[in-house]
Amino acid sequence: MLAFSLPDHEPASRVSDEWVSHPSWELVDAASETAGIDVAALLLDTGANQPPTEQAHLATFVSSLVAVDAAERFGLAPMAVLGYGLGEYTALVAAGALGFEDGVRLVLERGAAIREGLGEIPTAAAAIVGLEDDDVEAACARAEGDVWVAGYDAPGRVVVSGTVEGVEGAAGFARVLGASAIEPLAPHGGVHTPMVARARDRLRKSLAEATFAEADPVVVANVDARHHADPSDWPGLLSAQLCAPVRWRSSVRTLFNEGVRTFVEFGPGETLALATRQCFAAKAVQSHAISTPQDLEALVDRLIATPSMRRKAVADHDQLAGRLVVSPAAGPFQPVDEVAHAAPRLAGIPSDAPTTSMRVAVGDLIGWVGDAEVRSAFAGTLGGLLVISGERVMPSQPVAWLDARAESSP
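Described in the following lines is the structure provided in the data block. Only a predicted model underlies this, so the values are computations on that prediction, with no experimental measurement involved.

Turning to the overall build of the protein chain, a few remarks are in order. When its secondary structure is counted, the protein chain shows 17 helices and 17 strands. Here the protein chain holds 410 residues, and the buried ones make up 53% of them. Put simply, 72% of the contacts in the protein chain that link residues at least 6 apart link residues at least 24 apart. Put simply, the protein chain shows about 17,200 Å² of open surface, and 51% of that area lies on carbon and sulfur atoms.

Shown next, in the form of structure tokens:
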């Protein structure tokens, strides 16, 4: 089973130019329109000037969603989604728990709140390698200056963040305790520590104005390494994770215990893919990093070549992609009643309403995007909706998926 992993990094390097001509690049234009910012310029800029925190965070959020959208066009359907810090917002959008436009606004507000809360205080971050969690926590406690654990990434790899003085002090004590390496990281701005506590009040107000829905697939939370079925949990969880360490190691182990064996990181870099592998015995899991369209195509080729995938009768890219029903236009999506009752969670139907199994033939009406009809290009059994009823979608964005295995079986 598959899980999507979304990173938390400010894009120090530009995204691959190959995404610009990809259909999923339309998300960049949509984000630019919502934010009133040229997101493409942020993603492709080669200059040395670092954009404001909120713009850097927005670029990270959008770049990961472009890659996720491309994976959905191939028909890749994860069992779960999880994100590291800022990536948790990306994960919620990818799972339909948060609308794209709400996600853009929240990411901008979160970054602005962090920048405002810190003021001019210089920050630093580092990964301490080769120590137990308790030893890293002790090193932080002994350091002069403000420094805390910001992330439990993998066994023997713990991220600390705080003031420059505090991180240097913790690194020094960590060396005394036997750390095998201290890896400087791009400053996190003190995120996931009490250093940004003043940003929470501003963020809470924005979270209260956003609309959350039940995630499908599930999203594992940074704060407690659990998934939450109640949408009302997420504003509190997102507020808490601003000042709490990311429990990545526990999160991926939660999914491993539920059967996930393949993890895929979306966005520039492969930090999460490497950390995830370090959480398990050799060859216990596969972890992949998707930075370019070619990376995605290579991943699909590997998955198709896997015996478990062949048993599901996924024979080629066309069949894999053919399970998706996509929007022909931009606008709010509204499913037909039969589709809504067959996929009630995202359609606004009460959870206790009876569900039905819906067979779909080629050309059947699935719903509308504005005045445009959404019809299926293939046959199968409706598996579910991929967007919330009433959510604004873009042309070619997947809105529903079908189980077409019966039609593709010999």
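Turning our attention to the sheet that holds strand 5 (residues 157-163). What the four strands build is an open sheet, ordered 4-5-3-6; its pairing is antiparallel. Each end of this open sheet is capped by a strand with a single partner; those strands are strand 4 (147-154) and strand 6 (181-185). Here the average twist between neighbouring strands, direction ignored, is 25°. By the bridge criterion, six bridges tie strand 4 to strand 5 in an arrangement that is antiparallel. Opposite Ala154, over in strand 5, you have Arg157 as the bridge partner. Where helix 7 (residues 164-176) meets the sheet, its contacts fall on strand 3 (123-129), strand 4, strand 5 and strand 6, and the angle it forms with strand 5 comes to roughly 145°.

With antiparallel pairing, the four strands of this open sheet are ordered in space as 10-17-15-12. Only two strands of the sheet have a single neighbouring strand rather than two, namely strand 10 (324-326) and strand 12 (359-360). Two elements, strand 10 and strand 17 (residues 398-403), share three bridges in a ladder whose sense is antiparallel. Looking at strand 17, one finds that Val325 is bridged to Ala400.

Time to look at the pattern of salt bridges. Applying the stated criterion to the full structure yields 11 salt bridges. Here Arg73 ties to Asp69 by a salt bridge, and the two come within 2.7 Å at their closest N and O atoms. Of this pair, Arg73 and Asp69 both sit in helix 3 (residues 53-73), separated by four residues, roughly a single helical turn. Of the residues examined, Arg73 reaches a relative accessible area of 18% and is grouped as buried. Residue Asp69 is classed as buried on the basis of its relative accessible area, which comes to 5%. When the shortest N-O distance is used, the salt bridge between Asp102 and Arg105 registers 3.0 Å. Of this pair, Asp102 and Arg105 both sit in helix 5 (residues 100-118), three residues apart, which is roughly one turn of that helix.

Glancing now at the side chain of Glu88. With respect to the secondary-structure elements, Glu88 resides in helix 4 (residues 87-94). Within the local environment of Glu88, its side chain forms a polar contact with the backbone nitrogen of Asn222, the two atoms lying 2.7 Å apart. In this structure the side chain of Glu88 is engaged in a polar contact, spanning 3.1 Å, whose partner is the side chain of Gln241. Not counting the four nearest positions on each side in its chain, Glu88 is found in contact with Gly83, Val220, Ala221, Asn222, Trp234, Leu238 and Gln241.

Glancing now at the packing of aromatic side chains. Scanning the entire structure with this criterion turns up five aromatic pairs. Considering the side-chain rings of Phe61 and Phe100, the 6.3 Å spacing of their centres and the 25° angle between planes classify their relative orientation as stacked. Taken as a pair, Phe61 in helix 3 and Phe100 in helix 5 lie far apart in primary sequence, 39 residues in all. An angle of 20° between the planes, with centres 6.3 Å apart, marks the rings of Phe263 and Phe280 as stacked. With Phe263 in strand 8 (residues 262-266) and Phe280 in the loop between helix 11 (271-278) and strand 9 (286-290), the pair connects residues that are 17 residues apart, well separated along the chain. Of the two residues, Phe263 and Phe280, both sit in the buried class. Cation over ring: Arg261 sits above Phe256, and NZ or CZ is 3.7 Å from the ring centre.

Think of an α-helix as turning once every 3.6 residues; residues three or four places apart then point the same way. Taken residue by residue, helix 11 has Leu272, Ala273, Ala275 and Thr276 as its buried positions. In a view along the axis of helix 11, the buried residues occupy a sector of 165°, so they form one face of it.

Next up on the list: the side chain of Thr123. Relative to the helices and strands, Thr123 resides in strand 3. Of note is the side chain of Thr123, whose polar atom sits 3.4 Å from the backbone nitrogen of Gly189. The contacts of Thr123, once residues within four sequence positions are left out, are Leu118, Gly162, Thr163, Val164, Pro187, Gly189, Gly190 and Met195.

Looking now at the pairing of strand 9. Direction of pairing for strand 8 relative to strand 9: parallel, over a ladder of five bridges. Residue pairing across strands places Glu265 opposite Ala289, the latter belonging to strand 9. Taken together, strand 8, helix 11 and strand 9 form a β-α-β motif whose crossover is right-handed.

Moving on, we come to the packing of helix 4 against helix 9 (residues 234-241). Running from N to C, helix 4 and helix 9 point in directions that differ by 160°, and their axes come no closer than 11 Å. Classified by the angle between their axes, helix 4 and helix 9 sit roughly antiparallel to one another. Contacts between helix 4 and helix 9 pair Glu88, Tyr89 and Leu92 from the former with Trp234, Leu238 and Gln241 from the latter.

Definitions and limits used
Residues numbered from 1 in each chain as written. Predicted model: local features only at pLDDT ≥ 70, side-chain atom pairs only at ≥ 80, totals over all residues. Heavy atoms only, no water. Helix = DSSP H or I, 4+ residues; strand = E, 2+ residues; numbered from the N terminus. Buried < 20%, exposed > 50% of the residue type's maximum accessible area, 1.4 Å probe, protein only. Contact = heavy atoms within 4.5 Å. Areas by Shrake-Rupley, 256 points an atom, 1.4 Å probe, with all protein chains shown as cover. Pairing = 2+ DSSP bridges. Axes fitted to C-alpha atoms, helices over the stretch in contact; angles between N-to-C directions. Salt bridge = Lys/Arg side-chain N within 4 Å of Asp/Glu carboxyl O. Polar contact = N/O pair within 3.5 Å; in protein donor to acceptor, adjacent residues only side chain to side chain. Phe/Tyr/Trp six-rings, centres within 6.5 Å; stacked < 30°, edge-to-face > 60°. Lys NZ or Arg CZ within 6 Å of the ring centre and 35° of its normal. Arc of directions from axis to C-beta. Right-handed = clockwise from strand over helix to strand, strands pointing away. Parallel < 35°, antiparallel > 145°, perpendicular 65-115°, else oblique.

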